[in-house]
Amino acid sequence: MCNGSSYIFNGNTYTTTGNYNDTLTTVNGCDSIVVTQLTVNPVFVTLSVVEVCNGNSYVFNGNTYTIAGNYNDTLTTVNGCDSIIVTQLSVNPVYLVNNPQTICSGSSYVFNGNTYTAAGNYNDILTTVNGCDSIVVTQLTVNPVYSVSISITSNDTTVCAGTNVIFTATTSNGGTSPLYQWYLNGNPVGSNNTTYSNSNLINNDAVYCVVTSSALCTTGNPATSGTVVITVTTNLPVSISIGASDTTICSGTNVTFTATAINGGTAPTYQWYLNGSLAGTNSAVYSSNNLSNNNVISCILTSGETCATGNPATSNTVNIQVTPTVTPSVNISSNPVTSALSVVEVCFGTSVTFHATPVNGGTNPTIQWFVNNNYIVSGANFSPTNISNNDQIYCVLTSTLACTSSSSAQSNTLSVMFNPLPVLSAMQQAESCHGAGDASINLNITQGTPPYSVHWGNSSVNATVTAANLHSGTYNVTVTDNKSCSVDTSIFISPEGSGCLFIPNVFSPNGDSKNDMLYVRGGNIKSLSLVIYDRWGNKIFETDNQNNGWDGTYNGTPLNAGVFVYYLKAELQNGNITEQQGNITLLK
């Protein structure tokens, strides 16, 4: 059988070459062995590689093939099995090649043994390595022959040192990409460009250029230009400086500014500036009397020289310090102060100090004081020792400032008015007895300016012109009138020789600091004995010291409100003995 088929026997399927035994049973019941000898014949696949030229065909097994590809043809072998022929067909191209060529007039082009001199299209058939035709079409162009030339120019031939000179080349028949080489004094310089520039030329430098044309058919290639010779003039640096007649001035002072030019030429131009704005005229001198503080002056010089560098040139700046012109003045005041605009009212006997307050006086002004137009003394303060009522006082200020409208100024005038002091007299009434506290003082006030205010220096006295219930001693009093003029005096009430003895009949020991203690009152007492009893006759308190009072307690315990009995016996300084007894009411 053929490869790929199968053989079935006795229920078995066989696909490969070999001997296969099958046991069967005969009609007699005996084994019958069948040996199958199986042969598998191959199926052949054959590859056939074929090449043809484009436009030809390949014929096989009755089939014609013209397109490249794989084609299968099935044949039968001698064993009856398939034999597959795979034809792998390649179609090789037939080439048509364009061969454009350009020659110059008078030249020739040789190809494939042929010589061509005239413009036209020429076909040559060649055989490729695959045996196919290759057609080469020569497209021949014959160009005319051109003459190459170059010329150069410069933007200037007479320049100042440092000026950038630009040279420009103009080429005839240079082609699409000509090459340029510039030369300075015979040495190659610059780059491959139609222009060349140089800012460092010196006098008589010579420049030329050589061009190499990129055109195919040229004569005179490369070509050299003519030479340009440069005349260079030395540069002259331009500068300017300015100065001022003064830089520290008073307001309104005229200041002259003078410019000094270097290499300005025969006709320089000056432009003055004040704080950056145009000022002045075209002159080497500028003046102004209307300058302000911190004004800045400068000048720009434009030189007339041909080859001037740093032109125009800017000068230094001059800063002007202007002090405004001020008017000095002075005002005087007094201590005590004036009661009116120009009158100093003081109490008779009071010293007066005048003080000057200068305006625009400078650091150390001179102040001269005058009384009734007579010079007295100099200084900021004036304390006259001999001054009369209605005297006229003023001062004159001499300023030390540099910029003043006037060097001196006179102050306001103050006149002095002395007010009389109050005059005091006193009538006094002594105590009826020492310690009675029934003395009095009666003041009599004259002169001065009423109404008067009276102030007693003793804290126990709260009165005006009449003070009563006084004890012996010294009393200070101050009387001030309506003009604030004051007078002080001391009044002495002498003690009486005999003493007075008494004891209050009511007190209130309630801790309010008012009448909390019971004392024996009176003065001029040599010794005493005080005993206090309750209403049942029990002794509650006893003392022999006038300064030791009863606080309303018994053995440290506060007693209730009630009436108590006292017994007082005392010896006075004059030897007299006095005894008193009575009731004391304790209040709560």
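In this report, the structure presented in the accompanying data block is examined. Please read these numbers as outputs of a predicted model, since none were measured by experiment.

Calculation rules
- Residues numbered from 1 in each chain as written.
- Predicted model: local features only at pLDDT ≥ 70, side-chain atom pairs only at ≥ 80, totals over all residues.
- Heavy atoms only, no water.
- Pairing = 2+ DSSP bridges.
- Helix = DSSP H or I, 4+ residues; strand = E, 2+ residues; numbered from the N terminus.
- Axes fitted to C-alpha atoms, helices over the stretch in contact; angles between N-to-C directions.
- Disulfide = S-S within 2.5 Å.
- Buried < 20%, exposed > 50% of the residue type's maximum accessible area, 1.4 Å probe, protein only.

Concerning the sheet that holds strand 46 (residues 423–429)
In space, the three strands of this open sheet follow the order 46-47-49, with antiparallel pairing throughout. In the strand order of this sheet, the two ends are held by strand 46 and strand 49 (466–470), each with one partner. On average, adjacent strands in this sheet sit at an angle of 15° to one another, irrespective of strand direction. Taken together, the seven bridges between strand 46 and strand 47 (residues 439–446) define a ladder with antiparallel strand orientation.

So, the state of the cysteines
Going through the model one piece at a time under the given rule, you end up with six disulfides. Note on cysteine connectivity: Cys104 is disulfide-linked to Cys217, with sulfurs 2.0 Å apart. What sets the handedness of the Cys104 and Cys217 disulfide is the S-S torsion sign, and at about -100° it is left-handed. Taken together, the residues span a long stretch of sequence, with Cys104 in strand 10 (residues 95–104) and Cys217 in the loop between strand 22 (205–212) and strand 23 (218–219) at a distance of 113 residues. One exposure class covers both Cys104 and Cys217, and it is buried.

Structural notes on unusual backbone geometry
At the junction of Asn311 and Pro312, the peptide bond is cis and its omega measures out at 0° in the coordinates. With respect to the element layout, Pro312 can be found in the loop between strand 34 (308–309) and strand 35 (313–314). A cis geometry characterises the amide bond from Pro450 onward to Pro451, with omega recorded as 0°. Structurally, Pro451 is set in the loop between strand 47 and strand 48 (453–456). Phi at Asn185 takes a positive value of approximately 55°, unusual for a residue other than glycine. Relative to the helices and strands, Asn185 is located in the loop between strand 19 (179–184) and strand 20 (187–189).

Describing the sheet that holds strand 13 (residues 120–127)
Ordered in space as 10-14-13, the three strands form an open sheet in which the pairing is mixed. In this open sheet, the two edge strands, each paired with only one partner strand, are strand 10 and strand 13. Strand-to-strand twist of the sheet, defined as the mean angle between neighbouring strand axes without regard to direction, takes the value 25°. The sheet contact formed by strand 10 and strand 14 (residues 133–143) spans ten bridges and is parallel. Bridge assignment links Val97 to a residue of strand 14, and that residue is Val136.

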